Amino acid sequence: MTFRPLHDRVLVKRVEEESKTAGGIIIPDTAKEKPQEGEVVAVGGGAIKEDGSVRALDVKAGDRILFGKWSGTEVTLGGDELLIMKESDILGIIDA
């Protein structure tokens, strides 16, 4: 199954955090917070401006991003837990 977000929406897969601290302490799943980092899976066609033209999005599939703690709507597609969010919910792109 394929999914293509509409307009200025972005489909994001959360990046899993380490389950062990630098000191070697294992963090149980119940104490972990959901990561605020993810990878863009798919992007919409662009934001529609007031004059009717379309502005392309600044992110593309494969970009690693940071987003707000409560950003997006959680969905399950093909057994994967993903987030759908607006481009404005993205705080920035991580360059490796």
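None of these values were measured; they are calculated from a predicted model.

What counts and how
- Residues numbered from 1 in each chain as written.
- Predicted model: local features only at pLDDT ≥ 70, side-chain atom pairs only at ≥ 80, totals over all residues.
- Heavy atoms only, no water.
- Patch = residues over 30% accessible without salt bridge, like charges linked within 9 Å, V, L, I, M, F, W, Y side chains within 5 Å.
- Areas by Shrake-Rupley, 256 points an atom, 1.4 Å probe, with all protein chains shown as cover.
- Salt bridge = Lys/Arg side-chain N within 4 Å of Asp/Glu carboxyl O.
- Helix = DSSP H or I, 4+ residues; strand = E, 2+ residues; numbered from the N terminus.
- Buried < 20%, exposed > 50% of the residue type's maximum accessible area, 1.4 Å probe, protein only.
- Pairing = 2+ DSSP bridges.

J.: Would you mind going over a nonpolar patch on the surface in detail, with residue names and values included?
T.: On the surface, Leu66, Leu91 and Ile94 cluster together into a nonpolar patch covering about 260 Å² of accessible area. With respect to the helices and strands, Ile94 occurs in strand β8 (residues 90–94). Residue class for Ile94 comes out partly exposed when judged on its relative accessible area of 31%.

J.: So what about the pairing of strand β7 (residues 80–86)? Which residues, and what values?
T.: Of the strand pairs in this sheet, strand β1 (residues 9–14) and β7 are connected by 4 bridges, and their pairing is antiparallel. Bridged to Val12 within β7 is Leu83. Where strand β6 (residues 73–77) meets β7, 5 bridges bridge the pair, whose relative direction is antiparallel. Directly across from Glu74, in β7, lies its bridge partner Leu83.

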